[in-house]
Amino acid sequence: RPSQTSAMAARVAVSRWGAGPAAGRRGPLVPCRWWSGAPADTVYDVVVSGGGLVGAAMACALGYDIHFCDKKILLLEAGPKKVLEKLPETYSNRVSSISPGSATLLSSFGAWDHICNMRHRAFRRMQVWDACSEALIMFDKDNLDDMGYIVENDVIMHALTKQLEAVSDRVTVLYRSRAVGYTWPYPFHMADSSPWVQITLGDGSTLQTKLLIGADGHNSGVRQAAGIQNISWNYDQSAVVATLHLSEATENNVAWQRFLPSGPIALLPLSDTLSSLVWSTSHEHAAELVSMGEEQFVDAINSAFWSDANHTDFVDSVGTMLQHAVALLKPTKVSARQLPPSVARVDAKSRVLFPLGLGHAAEYVRPRVALIGDAAHRVHPLAGQGVNMGFGDISSLVHYLSTAAFNGKDLGCMSHLTGYETDRQRHNTALLAATDLLKRLYSTSAIPLVLLRTWGLQATNAVSPLKEQIMAFASK
Amino acid sequence: MLGGRCLSSSRDRFLGVFGSGCWRTLADCPCLTSPAYLENHLSWTVQIKRWVSYRMTFAYLNKMKSYRMITLDASWRTDWRGMRYPVTRLYSTSQTTVDSNEVKTFRTLAHRWWDEQGTYAPLHSMNDLRVPFIRDNLLKTVTDHQPGKPLSGMKILDVGCGGGLLTEPLGRLGASVIGIDPVDENIKTAQHHKSFDPVLAKRIEYRACSLEEIVEETIETFDAIVASEVVEHVLDLETFIQCCCRVLKPGGSLFITTINKTQLSYALGIVFAEQIAGLVPKGTHTWEKFVSPEKLESILESNGLSVLTVAGMLYNPFSGYWHWSENTSLNYAAHAVKSKAEEPPAPTEFFLNRETERLQANDSANPGAHEELKK
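Conventions adopted
Residues numbered from 1 in each chain as written. Chains lettered and ligands numbered in written order. Predicted model: local features only at pLDDT ≥ 70, side-chain atom pairs only at ≥ 80, totals over all residues. Heavy atoms only, no water. Helix = DSSP H or I, 4+ residues; strand = E, 2+ residues; numbered from the N terminus. Buried < 20%, exposed > 50% of the residue type's maximum accessible area, 1.4 Å probe, protein only. Contact = heavy atoms within 4.5 Å. Areas by Shrake-Rupley, 256 points an atom, 1.4 Å probe, with all protein chains shown as cover. Core = buried A, V, L, I, M, F, W, Y, C linked by side-chain atoms within 4.5 Å. Pairing = 2+ DSSP bridges. Axes fitted to C-alpha atoms, helices over the stretch in contact; angles between N-to-C directions. pLDDT = per-residue confidence, 0-100. Phe/Tyr/Trp six-rings, centres within 6.5 Å; stacked < 30°, edge-to-face > 60°. Lys NZ or Arg CZ within 6 Å of the ring centre and 35° of its normal. UniProt positions renumbered as here; feature names shortened; annotations may be inferred. Expected span 1.5 Å × (residues − 1). Disulfide = S-S within 2.5 Å. Parallel < 35°, antiparallel > 145°, perpendicular 65-115°, else oblique. Left-handed = near helix turned anticlockwise from the far one by under 90°. Nonpolar A, V, L, I, M, F, W, Y, C, P; charged D, E, K, R; others polar.

## Some details on the overall build of chain B
- For chain B, the helix and strand inventory stands at 13 helices and 13 strands.
- Taking all 375 residues of chain B together, 59% fall into the buried category.
- The long-range share in chain B, meaning contacts at least 24 apart out of those at least 6 apart in sequence, stands at 73%.
- When the accessible area of chain B is evaluated, it comes to approximately 14,800 Å², of which 53% is carbon and sulfur surface.

Now the structure itself:
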């Protein structure tokens, strides 16, 4: 009898460790641990696994949500608590571009105020141009409002930690706690099986929760344990980051990005005299850049931005023709190509490289599990959208969970989790596909593709509604 | 990758709508138990039947809230709180004694209460409508409430709670809820389900009994009574409402969701089900048991309850979601308030002129226009 076999299966205690199986398309089919009937310890309403930018922000957002007043939330972080006594003079080399939508989320639970009190830099314009032609695109808002903010990751993390401490009666944070195993419940009740997710920590203790949120980065343990398929590949590029000193103080409210055939190089403003570098290039070149002398490094950066070595006459003339054609069809003010500020020196020890890749989880949710941030999607930094997509996930998930809590629903119920998944997959898939396409399109110096992208860039630059659409999509 | 989940689940529903009920094996059939309300004396009889599963047709049939029917014998059509399936003449002559094998099957199937994509999926998704309906109307009666536990301090009675689908959300919102159902198995399922949640275990109490059995001990104790998908299974609606009124505190609320008795509910329930499912012989639905809003209102008014809201509900079998509607010809929800002793009920946002007319003239003949709850 099917019922008997499945009841027996429920009595087999199995838990998944590390990489999960290729389970069925939906639903982790790992049988549940026999529920021994021991007195229920605290059953948490939500456990967020992973205390990075996105995980901590998720815990914060839930902690400050009005409908989560009497709910128990837990944040698990494998690392130690980072206490920032005083803001260091030197800027950190890991920075993020925060969109206005993300800033709204951060201010909804008071973290943005802390960031403003520490330091951040607003930029009002963005220039993106090609190394192989004269084509460029300039983004700015009509009244020169802030397009986005460049904030150091440490500053954001510190603001989030402060806000978490303020709501510690609702949100418990466990540092130095790594989840090593997860036990999934059956889709619906079998006799005597616990309906909650059980998490085993490194020290052997176990927790139970009604909803597990995986925010543990692109090698997500939650995603692997749940057996969710992940479409991913590594790019043949690594990103080099560094903090740069400009030759002279400028207003520095423009973000610059140039697409070289080897990869995009971006200069993001940090202060009047400092900017942050993000240079995605081949693995060999990246290793070279990190190890070469300071002066050589600075020269490499300046020539990357200024040199026209990749221009060919043919492409230039065609480009000029295209520009005239576009101007005829749609006369707009042609913005001349501006040059970014020149770099004088680089902060010692601020050069680091890390590999790049793309990843997207086939499913963002399972019964009682949801993935947010890099656990769900990993993107190339060329669009500056990585952490913003994560913050967008948080806004959406908190909205659905809040409504569910106000309706007295079981938080791990699939009906609202699938709402979150549909909402975010639509947005994220489009952005991921576009970013990947751009990366591939600009990774070549083959003439036909160069012409194609030159024309495309010029056309997009001329069509203001299209530019506004792009900006609106990226600012969410 | 994109939308795959939605497509497959709506495909299931789509197939479910048009599929034949014969796809499922007998072993999958729910065993049904049912309360039987006798005219003058209410007693519960547990009957178990084995049916070919109507799950496939259920999704559409539920649109007009046709329920799986348990025929006890020819003269009584009794329905088990929850799902009712159309009965063929063939099955109506089946045995009615309790079979231990069927008890076992039913116990497995009792778990289907909590299978959100299963037989009771429409009832689960109806919570998206009825919980806010109950919550918002109760919040109007209090001046302030605790965020996070908006219904804390309220005592609610859930009559015909089944597996506790509606009881648990009310408990999560902070209310102390007593859920009653005449069917032992349902109560066992409900008890079992709430036992894992320490918060709910304290706030909810289940009892396997009928409403009349607890009337004497609970006179005027409840702030609200919820009778969702129950009154269309009751033989004597008048007595039922009277009992509700007795256990309600003055000023307390009564929430009812049920099916209207209209040509539309008849046509969709009988004609469509017969043509598509081919499992419903003519005359098997107890359409006579359906209650129209007008009749319900007149009974409520005559028992000292004033009707504040009547709102239509519509089920989309393809998406699996319910929607509020201005059309009450299929499903509807009603909210009535017990008048405080001798005084007219306190004015609320939905207080209409006709309320004062009714109180003055005691006219229960023609309820007139319905109030609609805009969602």
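## Brief notes about the nonpolar core
All names here are of chain A.
- Of all hydrophobic cores here, the largest spans 73 residues; its most connected members are Met-58, Ile-98, Ile-199, Ile-213 and Ile-394.
- Here the element with the most residues in this core is helix α2 (residues 53-63); it accounts for 9 residues.
- If we skip the residues at most four places from it in the chain, Met-58 touches Val-48, Ile-213, Ile-372, Ile-394, Leu-397, Val-398 and Leu-401.

## Focus on the sheet that holds strand β9 (residues 222-228) of chain B
Residues and elements named next belong to chain B.
- Here we have 8 strands laid out as an open sheet, ordered β8-β7-β6-β9-β10-β13-β11-β12, and mixed in their pairing. The two strands at the open ends of the sheet, each matched to only one other strand, are β8 (204-207) and β12 (321-325). Across the sheet, the mean angle separating the axes of adjacent strands is 20° when strand polarity is ignored.
- Pairing geometry for strand β6 (residues 155-159) and strand β7 (residues 176-180), over 5 bridges, is parallel. When the bridges of β7 are listed, Ile-156 appears paired with Val-177.

## A word on the confidence of the model for chain B
Residues and elements named next belong to chain B.
- Averaged over every residue, the pLDDT of chain B is 70; residues scoring 70 or more account for 57%.
- Contacts from residues 12-77, a stretch scored under 50 in pLDDT, to residues over four places away or in other chains number 217 contacts.
- Ignoring residues within four places in sequence, the model shows residues 277-281, a span with pLDDT below 50, making 16 contacts including any to other chains.

## Comments concerning the packing of aromatic side chains
- Within the structure shown, the criterion is met by 10 aromatic pairs over all chains.
- Look at Phe-133 of chain B and Phe-255 of chain B: their rings are 5.8 Å apart centre to centre, the planes differ by 75°, and that puts the pair in the edge-to-face class. Pair noted here: Phe-133 of chain B is in helix α5 (residues 121-139) and Phe-255 of chain B is in strand β10 (residues 248-259), with a separation of 122 residues, a long-range link.
- Taking the centre distance of 5.4 Å and the plane angle of 50° together, the rings of Phe-133 of chain B and Trp-324 of chain B count as tilted. With a gap of 191 residues between them, Phe-133 of chain B in helix α5 and Trp-324 of chain B in strand β12 connect regions that are remote in the sequence. Each member of the pair, Phe-133 of chain B as well as Trp-324 of chain B, is classed as buried.
- A cation over a ring is seen here: Arg-351 of chain A above Phe-297 of chain A, with NZ or CZ 4.7 Å from the ring centre.

## Comments concerning the UniProt feature "domain: FAD-binding" (unreviewed entry) in chain A
- In the numbering adopted here, UniProt assigns the feature "domain: FAD-binding" (unreviewed entry) to residues 360-433 of chain A.
- In residues 360-433 of chain A, the share of helix is 55% and the share of strand is 12%. The end C-alpha atoms are 10 Å apart.

## Some remarks on helix α8 (residues 294-306) of chain A
- Spanning 13 residues, α8 of chain A covers 18 Å between terminal C-alpha atoms, matching the ideal 18 Å at 1.5 Å per step.
- Those residues of α8 of chain A that sit buried are Phe-297, Val-298, Ala-300, Ile-301, Asn-302, Ala-304 and Phe-305 of chain A.

## Some details on the state of the cysteines
Residue and element names in this part refer to chain A.
- Using the criterion set out here, one finds 0 disulfides over all chains in the structure.
- Considering cysteine sulfurs only, Cys-60 is the nearest to Cys-116, which forms no disulfide, with 15 Å between them.
- Owing to a relative accessible area of 36%, Cys-116 belongs among the partly exposed residues under this scheme.

## Focus: the packing of α2 of chain A against helix α10 (residues 386-406) of chain A
All names here are of chain A.
- Where α2 meets α10, the axes come as close as 10 Å, and the angle between the chain directions of the two elements is 25°. With respect to their mutual orientation, α2 and α10 come out roughly parallel. In this structure, α2 meets α10 at a crossing whose hand is right-handed. Two secondary-structure elements touch here, α2 through Leu-53, Val-54, Ala-57, Met-58, Ala-61 and Leu-62 and α10 through Val-387, Gly-390, Phe-391, Ile-394, Leu-397, Val-398 and Leu-401.
- Residues of the contact of α2 with α10, tallied by class, amount to 12 nonpolar, 1 polar and no charged.

## Some words on unusual backbone geometry
Residues and elements named next belong to chain A.
- One non-glycine residue, Asn-252, adopts positive backbone phi at about 45°.
- Note on placement: Asn-252 falls in the loop between β13 (230-246) and β14 (254-260).
- The exposure class of Asn-252 is buried, given its relative accessible area of 6%.
- One non-glycine residue, Lys-349, lies in positive phi territory at about 65°.

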